[in-house]
Amino acid sequence: MIVFQNVQKHYGDYHALVDVSAQVRKGEVVVVCGPSGSGKSTLIRTINRLEPIQGGTISVDGHDIHDPSRKLDALRSQIGFVFQQFNLFPHLSVYENVVMAPLHLKRINRAEARDVASELLRKVDMGHKIDDYPGQLSGGQQQRVAIARALAMRPPIMLFDEPTSALDPEMVGEVLQVMKTLAREGMTMVCVTHEMNFARDVADTVWFMDAGKIVEVGAPDDFFENPQTDRARKFLADIRR
Amino acid sequence: MWEILQDNALLLLVGQYPNGPMGGLVATLGLAALSLILAIPCSLLLALGRVSPYKVFYYPASLVVYVVRGLPLLMFIFWAYFFVPLIIGRPVAGVTTMVVALVVYESAYLAEIIRAGIEALPRGQYEAGRALGLSYGATMRKVILPQALVNMVPSMLSQFISTVKETSLAYVIGVQELTYAANQINSVLLVKPLEVFTLLALTYFVLNMILSAGVVAVERSITRRRSARRVPATEVVIP
């Protein structure tokens, strides 16, 4: 469903993604891990072209995302993206955040919008906060609303860029729970995360990145019990300490 | 001085009105307000050009901003005074001339205020809009500008204060605003220039002190709104 072919990404002289080739099948849950600066976030941000690439191709459902002539907006609405910093729109209520995309892009009416919002917010257990503003919510609640917002266009793919890294520890669980539910429903997901228990429980595949390359790809059990490279062994030792 | 004020209060307030055009303090405020109101849409366009990723918008907007900032206001007034009649082919009232000059001048400064307001927002706001599938324009309209414009209200009010002072330059093309009125009084009294122009200075100062207090009040209310955990829904403006 998502295919990377020889992707190259540079920031000036810095080579951020080095000849990355990989693919994500429909319904697959991929966890991307690796030391900071290894290119995880950059990689996930190239999937919906928040970051441009300088070489190779990325296709989603057969569409070349980085083709300059491609109309991006419709494609992006079919790829949910969840940010580390939530990025809810602070001037809009929870309801208005969630229905922003469908109201604007699908031209649904107000009654339908209300239904969509309450259904999605119930799903992330935030139905009771529909008329609150983001500033009134905890970090975990904001992130759950952000997930509901990303789901509003019914995307078949969801991307998570360190969704729990900005949260207080006691709020991590509630966000991971929502992500687990999505994974069980068959959502195709790519998650950059340091939550190794989540990777173990939910991921089909783990990608380990280092210095802009995917250096190891494997099932979670294999990766955690029997890492193949020194770099992966060192990384796992570091995060378990 | 008190006597001069008592005798000429009406002239300072409204000029020759109703026997002539509206003048004095009212004309000063009116000029400033009208110019700022007309400058806002122009400056918004300029600002969108200044933050635009498209060079066809960025370069012309930047050129306008740099040129206007690099030239004195008085020069714009002369340009408007001599060239606007040439361009439209008929004589133009002094007030119109002054409004044209001020709109051009203020647009450039306001554009930079708006640009700063847009660029001060976290990049994540823009990315979140685009990632949802909103176009560049829709992201600006629904996400960026509603937040940026609220944040800019204090700077815009400061700009209004400086516009009030700049209207005094309209004197040179014979617009009957506050400075013109003061000069008329001076011409009548002849021997009291110190008193008359002190009175003029005090009038500008008091007016702008009041406006400054307004800026502070608005700043406080925005800070309060941002820091409040609980915001009553009715206080939040939904565009």
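Residues numbered from 1 in each chain as written. Chains lettered and ligands numbered in written order. Predicted model: local features only at pLDDT ≥ 70, side-chain atom pairs only at ≥ 80, totals over all residues. Heavy atoms only, no water.

A.B. asks: If you had to explain the sheet that holds strand S4 (residues 55-60) of chain A to someone new, which residues and values would you point to?
C.D. replies: All names here are of chain A. In space, the four strands of this open sheet follow the order S2-S1-S4-S5, with antiparallel pairing throughout. Two strands in the sheet have a free side with no partner beyond their single neighbour: strand S2 (14-24) and strand S5 (63-64). Of the strand pairs in this sheet, S4 and S5 are connected by two bridges, and their pairing is antiparallel. Opposite Ser 59, over in S5, you have Asp 64 as the bridge partner. (Pairing = 2+ DSSP bridges. Helix = DSSP H or I, 4+ residues; strand = E, 2+ residues; numbered from the N terminus.)

A.B. asks: I'd like a description of empty space enclosed by the protein, backed by residues and values.
C.D. replies: Applying the stated criterion to the full structure yields one cavity of 30 Å³ or more. Put simply, the largest cavity is a space of about 90 Å³. Around the largest cavity sit 14 residues that line it, and Gly 80, Phe 81 and Ala 150 of chain A together with Ala 131 and Leu 132 of chain B are the ones nearest its centre. Listed by contribution, the elements that provide at least two residues to the lining of the largest cavity are strand S6 (79-82) and helix H5 (139-151) of chain A together with helix H6 (123-131) of chain B. In the lining of the largest cavity, the residues fall into ten nonpolar, two polar and two charged. (1 Å grid on protein atoms, 1.4 Å probe; cavity = no way out; pocket = protein on both sides within 12 Å on 5 of 7 lines; lining within 4 Å. Points joined across faces, edges and corners; volume = space filled by probe spheres on them. Nonpolar A, V, L, I, M, F, W, Y, C, P; charged D, E, K, R; others polar.)

A.B. asks: Report on the layout of surface pockets, specifying residues and quantitative values.
C.D. replies: Of the voids in this model, the second largest pocket is the one considered here, and its volume is about 540 Å³. Along its surface, the second largest pocket is lined by 22 residues, and Pro 53, Arg 123, Tyr 126, Arg 130 and Tyr 136 of chain B are the ones closest to its centre. For the lining of the second largest pocket, the secondary structure elements donating two or more residues are helix H2 (72-76) of chain A together with helix H5 (94-120), H6 and helix H7 (136-166) of chain B. Among the elements that take part in the lining of the second largest pocket, H6 of chain B stands out by supplying four residues, more than any other. Looking at side-chain class alone, the lining of the second largest pocket contains 13 nonpolar, one polar and eight charged residues.

A.B. asks: Residue-level account of helix H1 (residues 40-47) of chain A, with values.
C.D. replies: Within H1 of chain A, seven of the eight residues are buried, which leaves the element mostly enclosed by the surrounding structure. Following H1 of chain A by one or two positions, Arg 49 of chain A has its phi on the positive side, about 65 degrees. (Buried < 20%, exposed > 50% of the residue type's maximum accessible area, 1.4 Å probe, protein only.)

A.B. asks: How would you explain the nonpolar core if you had to name every residue and give the values?
C.D. replies: Across soluble globular proteins, you tend to see nonpolar side chains buried next to one another. Ranked by internal contacts, the top residues of the largest apolar core, which has 95 residues, are Ile 2, Phe 4 and Trp 207 of chain A. Per element, the largest residue contribution to this core is twelve residues, and it comes from H5 of chain B. With residues near it in sequence (within four places) discarded, Trp 207 of chain A still touches Phe 4, Ala 22, Gln 23, Val 24, Val 30, Val 31, Val 32, Cys 33, Leu 43, Ile 214, Glu 216 and Val 217 of chain A. One finds Val 29, Met 187, Cys 191 and Phe 208 of chain A within the second-largest nonpolar core, a separate group that totals 53 residues. (Core = buried A, V, L, I, M, F, W, Y, C linked by side-chain atoms within 4.5 Å. Contact = heavy atoms within 4.5 Å.)

A.B. asks: Residues and numbers for the pattern of salt bridges, please.
C.D. replies: Enumeration according to the criterion identifies 20 salt bridges over all chains in this entry. Between Arg 130 of chain B and Asp 73 of chain A there is a salt bridge; the shortest N-O distance is 3.3 Å. Pair noted here: Arg 130 of chain B is in helix H6 and Asp 73 of chain A is in helix H2, and the two residues belong to different chains. Given a relative accessible area of 14%, Arg 130 of chain B falls into the buried group. Here Asp 73 of chain A falls in the partly exposed class, since its relative accessible area comes to 23%. Among the salt bridges present, the one from Lys 234 of chain A reaches Asp 238 of chain A, with a minimum N-O distance of 3.0 Å. (Salt bridge = Lys/Arg side-chain N within 4 Å of Asp/Glu carboxyl O.)

A.B. asks: Give me the lowdown on the packing of helix H2 (residues 24-50) of chain B against H5 of chain B, citing residues and values where you can.
C.D. replies: Angle between the axes and distance between the axes: these two values describe a pair of packed helices. All names here are of chain B. In the contact formed by H2 and H5, the axes pass within 6 Å of each other and the chain directions differ by 45 degrees. The orientation of H2 relative to H5 falls into the category oblique. Where H2 crosses over H5, the handedness of that crossing is right-handed. (Axes fitted to C-alpha atoms, helices over the stretch in contact; angles between N-to-C directions. Parallel < 35°, antiparallel > 145°, perpendicular 65-115°, else oblique. Left-handed = near helix turned anticlockwise from the far one by under 90°.)

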